[in-house]
Amino acid sequence: MLDIHRRTFIKLGTAAVALPGTLSAAEKTAQFTLPDLTYAADALEPHIDARTMGIHHGKHHAAYIAKLNEALQARADLAGTSLDALQGKISAVSDETLKAALRNNGGGHWNHSFFWSTMAPSQEAGKPGEKLLAAINTAFGSLDEFKKLFAEAAMKRFGSGWAWLISQNGKLKIVSTANQDNPLMSGIVAANELGPPLLALDVWEHAYYLHYQNRRADYITAWWNVVNWNAVNKRFAV
Ligand code: MN3
């Protein structure tokens, strides 16, 4: 079973003493909420169109959160566990229904929150910093070669999933996961694919189909224009 800690109800802004069962349904379901985008839905155009962003964020991401909250509603013991902590503990959950919800909807919430902050309007996106660039050169030879290998990983992902740049014991690595799995899911994703993500690309069709239809390669090429390198640099500096 999960190792539970209950810093829980403080976050929900209830009275100092709040025991499971004393929360209203609304408070319980408010455990995870949709993060606002830090840019306008049309700010990534022409690379990612406003309609795709609006549906992707406002409908798809919101649905993952609603389903995650619903799955957690009956589990007061898990309330307040951070999303980051949940990712690493999924394989220890014995209840298969809850496990699937944490994996698919918890993963969906984590991945999309990460994805939005991995993008920025192209004029604010910055470029790889000195330290990151040095690590990219060591791992992949050059920035261009890294982009090529990353795009290949994103193209080769059959069906729905993600491409990731992770830091594994200080070394950069490109991995790809199916569905909403991510490199924090210990016991779900292979051990050699685990590590803190620096960069992620959503290659589910819902991420690009309205604008690019089946042309995933064009979406990937365009996406490089809105990669928030400032955010990636910061993640790598930690
Ligand atoms: Mn998506």
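Asks: For the coordination of the manganese ion, give the residues involved together with the corresponding values.
Replies: Here the manganese ion is held by the protein donor atoms His 56 (NE2), His 112 (NE2), Asp 202 (OD) and His 206 (NE2), which lie 2.0 to 2.1 Å from it. Binding-site remark: the manganese ion is held by donors from one chain whose sequence spacing is H-x55-H-x89-D-x3-H. With His 112 in helix α4 (residues 96-117) and His 206 in the loop between β3 (197-202) and α7 (209-212), the pair connects residues that are 94 residues apart, well separated along the chain. On the accessibility criterion, His 206 (18% relative accessible area) is buried.

Asks: Quick one: what's the story with the sheet that holds strand β1 (residues 161-168), residue by residue and with numbers?
Replies: If you trace the 3 strands from one edge of the open sheet to the other, you get β2-β1-β3, paired in antiparallel fashion. The sheet terminates laterally at β2 (171-178) and β3, the two strands that pair on one side only. With strand direction ignored, the average angle separating the axes of adjacent strands in the sheet is 15°. Pairing analysis gives 8 bridges linking β1 to β2, with the strands arranged antiparallel. Each residue of the ladder has a partner; that of Ser 167, found in β2, is Leu 172.

Asks: Lay out the nonpolar core with the relevant residues and their values.
Replies: Met 119, Tyr 219 and Trp 223 are the most contacted members of the largest nonpolar core, which has 58 residues in total. The element best represented in this core is α4, accounting for 6 residues. Split by domain, the residues of this core number at least three in each of domain 1 (10-117) and domain 2 (122-237). Among all residues touching Tyr 219, those that are not within four sequence positions of it are Ile 48, Phe 115, Leu 201, Asp 202, Val 203, Ala 207, Tyr 208 and Tyr 212.

Asks: Give a description of the packing of helix α6 (residues 143-156) against helix α8 (residues 216-223) that names residues and reports values.
Replies: At a minimum axis separation of 10 Å, α6 and α8 run at an interaxial angle of 145°. Two packed elements cross with a definite hand, and for α6 against α8 that hand is right-handed. Contacts between α6 and α8 involve Phe 150, Ala 151, Ala 154 and Met 155 from the former and Arg 216, Ala 217, Ile 220 and Trp 223 from the latter. Its residues placed into classes, the contact of α6 with α8 shows 7 nonpolar, no polar and 1 charged.

Cut-offs and rules
Residues numbered from 1 in each chain as written. Predicted model: local features only at pLDDT ≥ 70, side-chain atom pairs only at ≥ 80, totals over all residues. Heavy atoms only, no water. Donors = N, O, S within 2.8 Å, 3.2 Å for Na, K, Ca; no water. Helix = DSSP H or I, 4+ residues; strand = E, 2+ residues; numbered from the N terminus. Buried < 20%, exposed > 50% of the residue type's maximum accessible area, 1.4 Å probe, protein only. Pairing = 2+ DSSP bridges. Axes fitted to C-alpha atoms, helices over the stretch in contact; angles between N-to-C directions. Core = buried A, V, L, I, M, F, W, Y, C linked by side-chain atoms within 4.5 Å. Domains from an automatic or database assignment. Contact = heavy atoms within 4.5 Å. Left-handed = near helix turned anticlockwise from the far one by under 90°. Nonpolar A, V, L, I, M, F, W, Y, C, P; charged D, E, K, R; others polar.

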